[in-house]
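If you want the building blocks of each chain, they are given just below.
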Amino acid sequence: MLCKLAPDLCFGFLIMLAWTIYISFFGVLVLLLPKISVQASRIIAMSAATGGLAVTLAGFAQQSAGTLVTVARVPWVPSLGIEYHLAADGISLTLLLLTGIVAIAGILFSWNIEHRAKEFFAFYLALIGGVYGVFLSFDLFLLFVFYEIAIIPKYFLIAIWGSTRREYAAMKLALYSFVGSAMVLIGLIAAYVVAGGKSMNLIDLAQFPFPLHFQMWAFPLVFVGFGILAGLWPFHTWAPTGHVAAPTAASMLLAGVVMKMGAYGCLRVAMTLFPHGLDSWGFHVLGFGSWREVFALLALIGIVYGAMVALVQKDFKFVVGYSSVSHMGFVLLGLMTLSQIGLTGAVLQMFSHGILAGLLFAVVGRMVYDRTHTRDLDVLEKMNLYKFIPFAAVTFIVASMASIGLPGFSGFVAELQVLIGAWCASPRYAIGAGFGIVIGVAYTWRAMQKAFIGEPEIESDKPHHHLPPISIPERIGAVILIVVSLAVGLYPQLLLNRIIPTLSSPVFDGLRKGSWQ
């Protein structure tokens, strides 16, 4: 209604989306000033994150369904056709909203940080600014720059403030990320040259008729390059290691938004630029007749493998880490269904998993580990934590049930759409994914039993130790994430009204005319 009465005002709200980036990096600059106290660092970080979310909410509320709005567009390197081009559509706004919510929750769960707090929050906001930039960039060179900016803070957050094998985990994550980035860069340069070397604009390149033989090798190169960051099996091994070593807020960002950058790149860049790379090869190799079949199988393996490995883990955080690999498999499987419902489910699963994985890592890392100083499920089993930190127990139960598809939460709507799309593509895909869900129920209940409930016969055998109560910032952060998942689960049209029209927009014309079902 407001847009009809004052269209210029609504357009202004959308133009302000660029400020999600500027506010984040301005916060970094403020934190670099000398003599900033720990408490001031927290307030500056929270102010910047809140400002970014406020701008996103204003734009999200006013965006017309399916409309691609240019936020900023000025020449950057005119001789190469490179522009500073920021734009937003329904998919971008959905992931911007996810980033803003997780950013605020991560700061709330990091309110206890004392060691080099100023530097911690500076790296944190730099990472957030890079992620915002990725989701808004419609010039591929600019997208790549922001993509690389997001990698550097990840390394330092883990290497300085991490725990278990933090240097190894940080280096592994950085190496995997840079290898994937190199693959993406080669593909983008090749596309730029083949298209005439005049523009790096995503929309212009998406409309260019790349030769079929070029798409057949460029698509898997770029898809795998982005897929590494999305946890694509067998390139997923950085993820559990990085999640476990990272401090709580960094784990929340890694699972919540960083892995989504990879999945976003798979959809926005690889599948949009090279849609015919998903077509049939015209022959079969080891039973595979297209890259679509190859990546669908890898997604299924990720779903089942991640769930099975989570089932046997003794480290509580590794359970959540491998569960993230499994759930990201649903995103990649949804992309490979090449149907509107499957792709919609994939984008919705990006949002849902970002919220719920962030909450699970918050419970394990902040509420449990920082109080008990152990993540060993066999040790936690003897503590009966539900008696001493009941809020953590209830939060974990709600988050884990939501993540395995409890109706009423966002995970149910997202995975249901992916499963329907998978069944339409091939019933075998849906059956394999369903098997992964069953295993997910098993590892979730096992972790819940061991971490919080314990064995009844040993309840009175061990002395009970006092544990600090769950703090107010932690409670606020948990409630925010639960309410968001519940709101999307009960009224998914909040996101679907923007995601579905975007997938029907001209940006995805090439994909719809190619292998779309």
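Rules behind the numbers
Residue positions are given per chain, counted from 1 along the sequence in the order it is written. Residue-level local features of this predicted model are given only where pLDDT is at least 70; pairs of side-chain atoms are given and counted only at 80 or more, and the full residue set underlies all totals for whole chains, interfaces and linings. Each side-chain value is worked out from all heavy atoms of the structure, with water and hydrogens disregarded. For every element, the axis is a line fit to its C-alpha atoms; helices are fit only across the contacting stretch, and the angle between N-to-C directions ranges from 0 to 180 degrees. Each helix is a run of H or I in the DSSP string that is no shorter than four residues. Each strand is a run of E no shorter than two, and both are numbered from the N terminus. Angles are sorted into four bins: roughly parallel if under 35 degrees, roughly antiparallel if over 145, roughly perpendicular if 65 to 115, and oblique for all others. In this scheme, a crossing is called left-handed if the near helix is turned counterclockwise away from the far one by less than a right angle; it is called right-handed if the turn is clockwise. Whether two residues touch is decided by their heavy atoms; if any such pair falls within 4.5 Å, the residues are in contact. Residues are sorted three ways: Asp, Glu, Lys and Arg are charged, Ala, Val, Leu, Ile, Met, Phe, Trp, Tyr, Cys and Pro are nonpolar, and all the rest, Gly among them, are polar. Salt bridges are identified by distance alone: a Lys or Arg side-chain nitrogen within 4 Å of an Asp or Glu carboxyl oxygen. Think of it in three bands: with a 1.4 Å probe and only protein chains considered, a residue is buried below 20% of the maximum accessible area for its type, exposed above 50%, and partly exposed in between. At least two DSSP bridges between two strands are needed for those strands to be called paired. Only buried residues count toward a nonpolar core. Its members are Ala, Val, Leu, Ile, Met, Phe, Trp, Tyr and Cys residues joined through side-chain atoms within 4.5 Å.

1. Section: the packing of helix H14 (residues 316-336) against helix H19 (residues 427-453)
Next up, step 1: Two elements in contact, H14 and H19, have axes whose closest approach is 11 Å; the angle formed by their N-to-C orientations is 160°. The orientation of H14 relative to H19 falls into the category roughly antiparallel. Seen along the crossing, H14 lies across H19 with a hand that is left-handed. Facing Phe-316, Val-319, Ser-323, His-327, Phe-330 and Leu-333 of H14, the residues of H19 in contact are Tyr-429, Ala-433, Ile-437, Tyr-443, Ala-447, Ala-451 and Phe-452.
Next up, step 2: Looking at the contact of H14 with H19, its residues break down into 11 nonpolar, two polar and no charged.

2. Details of the pattern of salt bridges
Side chains that carry opposite charge are capable of pairing whenever their charged atoms lie near each other.
Next up, step 1: Summed over all chains, the structure comprises nine salt bridges.
Next up, step 2: One salt bridge in this structure joins Asp-89 and Arg-268, with 2.7 Å as the shortest N-O distance. With Asp-89 in the loop between strand S2 (82-88) and helix H5 (90-108) and Arg-268 in helix H12 (residues 248-273), this residue pair connects regions lying 179 residues apart in the sequence. As far as burial versus exposure is concerned, Asp-89 and Arg-268 are alike and both buried.
Next up, step 3: Here Glu-474 and Arg-371 are joined by a salt bridge, their closest N and O atoms 2.8 Å apart. One end of the pair, Glu-474, is in helix H20 (residues 472-490); the other, Arg-371, is in helix H15 (residues 340-372), with 103 residues separating them in the sequence.
Next up, step 4: Note on Glu-474: relative accessible area 1%, which makes it buried.
Next up, step 5: One salt-bridge network, held together by shared partners, links Arg-366, Asp-370, Arg-371 and Glu-474.

3. Structural notes on the pairing of S2
Next up, step 1: Of all seven residues in S2, seven are buried; the element is thus mostly enclosed.
Next up, step 2: Of the two faces of S2, both are covered, the one formed by Ile-82, Tyr-84, Leu-86 and Ala-88 as well as the one formed by Glu-83, His-85 and Ala-87.
Next up, step 3: Bridging between strand S1 (residues 69-77) and S2 involves seven bridges; their strand directions are antiparallel. Residue pairing for S2: Thr-70 is matched across the bridge by Ala-87.
Next up, step 4: Hairpin connection, S1 to S2: the antiparallel pair is bridged by four residues, and Gly-81 has positive phi, about 75°.

4. Regarding the nonpolar core
It is characteristic of soluble globular proteins that their nonpolar side chains tend to be buried jointly.
Next up, step 1: Core analysis: the biggest nonpolar cluster contains 191 residues, and Met-271, Phe-316, Leu-333 and Phe-452 have the highest contact counts within it.
Next up, step 2: Element by element, the count of residues in this core is highest for H12, at 18 residues.
Next up, step 3: Look past the residues within four positions of Met-271 in its chain and what remains in contact with it is Phe-219, Phe-223, Cys-266, Leu-278, Leu-335, Met-336, Leu-338, Leu-343 and Leu-511.

5. Things to note about the packing of helix H4 (residues 38-62) against helix H6 (residues 117-136)
Next up, step 1: Put simply, H4 and H6 touch, their axes get as near as 8 Å, and they point 15° apart. Considering the angle they form, H4 stands roughly parallel to H6. In this structure, H4 crosses over H6, and the sense of that crossing is left-handed. Contacts between H4 and H6 pair Val-38, Ser-41, Arg-42, Ala-45, Ala-48, Gly-52, Leu-53 and Thr-56 from the former with Ala-117, Lys-118, Phe-121, Leu-125 and Tyr-132 from the latter.
Next up, step 2: Counted by class, the contact of H4 with H6 contains eight nonpolar, three polar and two charged residues.

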